[in-house]
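Structure at a glance
For reference, the chains in residue letters:
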Amino acid sequence: MSEITAILDRAIDGHRPSRQEAMTLARSEDVDTLAAVAQELTLAHQQRLVSYSRKVFIPLTHLCRDVCHYCTFAATPTRNETAFLSPEQVLQIARAGVDAGCKEALFTLGDKPELRYRAAREALTDLGHHSTLSYLEAVAQMTLDETGLVPHLNPGVMSRDELTKLRRVSASMGMMLESSSARLCAKGGPHWGSPDKLPAVRLDTIHAAGELHIPFTSGVLIGIGETREERVDTLLAIRDVHDVYGHIQEVIIQNFRAKPGTLMAAALEPTLTEQVWSIAVARILFGGGMTIQSPPNLRPDCHSQLIAAGINDWGGVSPVTPDHVNPEAPWPQLDDLATATASAGRLLVERLAIHPGYLRAPEKWLDQSIRPSVLRLSDSCGLARDSDWFAGIRTALPQVGGPKTGSTDKLSIQIQEILKRVVVGEPLGKKDIVLLFAARGCDFDAVVTAADQLRRNTVGDDVTFVVNRNINYTNVCYYHCGFCAFS
C-alpha cells in the first residue's frame, strides 16, 4: 500500500491528514482517486444536498487602496462618478432583490479606500461618515430595517473593534485568504502593492472574527502563481484557525480568470483538472462536515465535475445583479442550476447567508439585534424557508409536493430503502428517522405518499374528531415559557 493510499484510507475513516500528510497529498497526480474519496466524504456527511443563497449584490464602492494585478472590480476615482453608492441607490438595489425573492444582501467593497484617495475621504464626509466601514455599518442596518434582507459583508481587512460593530448588522462576513504565500506579495507578484493582501494581516482578521463568534467565509484563489504546496498550506492555515474557533462556515475554491486591462491579462488560467484536484484535496483536508464551495458562473459547463470533486455549495447566486467581481461571467439561471445539480444526482436547496449548522446555536453565532430577522427567514433545518406560511396565521397552507427542484430530480437510494422497510413493518432506527425528517424534493413527496398510503391501509379514509370544551381555570403559571401567550 502506498503512502498516499494509506492517507486516503484514513481520511475515509474520519482522520484528517496531518500537515506532513497534506504535503504528501500535494504531490499526488491521481485526480480521479482524490475526487472519488472526496465525493465519498461529501455524501457521507452532506447527503445529496447542494446549497446556494439567493442574493442581491451591492457594490458599495469600487475604490480600493490595493492594486491586485488580476482585479477589475477596483477602480480609481473619476470626476463623473460618485465614490460610493448613495443610501437611495442601495435601497433601490435591495428592493429589486426582495421582488426577486432574495434573502441575502451581499455588500462587497474595496479595502479602506479613504486611506489612498482624497475623493473617498470627501465623499464619506458628505455622507456624514469618517470611514468606509462606518458607512457600511449604517447602510447594512438600513437595508435590514427597510427591506428585511440579511446582510453578508465582504469589506476586507478589519480590526477587532470594526468587526464588533459590523457583527450587529450582519449574519455573516467573509474574506478570501487567497494565498498564505508571502512570495506572491513580493515585487512582480500578483499582490505587490496591496498591503491588505499580506497573509499575516488577513489571518489576523480571520482570527479576530473567530474570537467574536462571527460565521465566516474564506477560501483560496487558485492559478495566480502559487504552487500546489502553497495552495495546500493556505488550506491548512484556514483549517488551523477553524480548529480553534469553529467559525469557518464555508471554504471557497475559486479559479482565477484572466481579465483584459489587468497586468495578468495574459496569464494562464487554471485547468478544470487543477480545480477538481484543489476541491478534492480541500474536502479531504477539512473532512466531510465542512461546506466546500466553487462559484458556478466561473465554470458554467462543468457543474457535474465540480460536484463530483466534493463541493456541496454554489455560494451566492443573484437573479437580479451581476457578479461585479467577475462581470464577464453571468450567473446561471436558478432553474438551470437546479437541473444541472439534479443531473449530477444532487438536490439544490436554498440557504441563508449564515449556514445551517450555525443557526442551531443562534445565541452564540448571531448578535441579538439581527437574530430575529434571520430566524424568521429560516426553516427547522436552518435552510431558507420556502414559503411565507407560519403556524397560527390565517393564510392558505403551502402546497405539499408540487414542482420539483430540478427536472431530473431522482429519489435517493436511502429513502427508497427506508420506505420499503416501512411498508413491511420493519422498525426504523434513529438515523433512518433523521433522514425522513430531512427529506426534500422528490424524497419529501415520496415520504408524504408513503405516509398517506400507510394511513389508508391502517384506518381507511375515515377522519375522526371529538367535541370538547376547554376549561381554562387560570392563566397564572409558575413557568415562563418563551413562546407562551396564555400564561
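Residues numbered from 1 in each chain as written. Predicted model: local features only at pLDDT ≥ 70, side-chain atom pairs only at ≥ 80, totals over all residues. Heavy atoms only, no water.

Focus on the pattern of salt bridges
Summed over the entire model, instances satisfying the criterion amount to 31 salt bridges. Put simply, D161 and K165 hold a salt bridge, and the shortest N to O gap is 3.6 Å. Linking D161 with K165, this pair stays in helix α7 (residues 160–167), spanning four residues, or about one helical turn. For D161, a relative accessible area of 47% gives the class partly exposed. When its relative accessible area of 35% is taken as the criterion, K165 is described as partly exposed. (Salt bridge = Lys/Arg side-chain N within 4 Å of Asp/Glu carboxyl O. Helix = DSSP H or I, 4+ residues; strand = E, 2+ residues; numbered from the N terminus. Buried < 20%, exposed > 50% of the residue type's maximum accessible area, 1.4 Å probe, protein only.)

What about the environment of H480?
Note that H480 resides in the segment after α18 (442–459). Residue H480 is classed as exposed on the basis of its relative accessible area, which comes to 74%. Placed 141 residues apart in sequence, H480 and T339 show a C-alpha to C-alpha distance of 48 Å.

Here we look at helix α8 (residues 199–211)
Relative to the 18 Å expected for 13 residues at 1.5 Å per residue, α8 spans 18 Å between its end C-alpha atoms, a close match to the ideal helical length. Buried within α8 are the following residues: P199, R202, L203, T205, I206, A208, A209 and G210. As for α8, its buried residues are in contact with α7, β5 (216–222), α9 (228–245) and β6 (248–255). After α8 finishes, the residue H213 shows a positive phi value of roughly 55 degrees. (Expected span 1.5 Å × (residues − 1). Contact = heavy atoms within 4.5 Å.)

Topic: the packing of aromatic side chains
Overall, the coordinates contain four aromatic pairs when judged by the stated rule. Their ring planes at 75 degrees and their centres at 6.5 Å tell us that Y70 and F256 sit as a pair that is edge-to-face. Of the two residues, Y70 sits in the loop between β1 (49–61) and α4 (87–99) while F256 sits in the loop between β6 and α10 (272–286), which places them 186 residues apart along the sequence. Comparing Y70 with F256, the two get one shared label, buried. Between R228 and the ring centre of W277, over which it is positioned, the NZ or CZ distance is 4.1 Å. The ring centre of F390 lies 3.9 Å from the NZ or CZ of R385, which sits over that ring. (Phe/Tyr/Trp six-rings, centres within 6.5 Å; stacked < 30°, edge-to-face > 60°. Lys NZ or Arg CZ within 6 Å of the ring centre and 35° of its normal.)

Let's talk about the packing of helix α16 (residues 413–423) against α18
Each packed pair of helices is defined by two parameters, the angle between the axes and the distance between the axes. Contact geometry of α16 with α18 gives a least axis separation of 11 Å together with a crossing angle of 5 degrees. By the angle between their axes, α16 is roughly parallel relative to α18. On α18, the residues that touch I415, L419 and V422 of α16 are D443, A446, V447, A450 and L454. Of the residues assigned to the contact of α16 with α18, the class counts are seven nonpolar, no polar and one charged. (Axes fitted to C-alpha atoms, helices over the stretch in contact; angles between N-to-C directions. Parallel < 35°, antiparallel > 145°, perpendicular 65-115°, else oblique. Nonpolar A, V, L, I, M, F, W, Y, C, P; charged D, E, K, R; others polar.)

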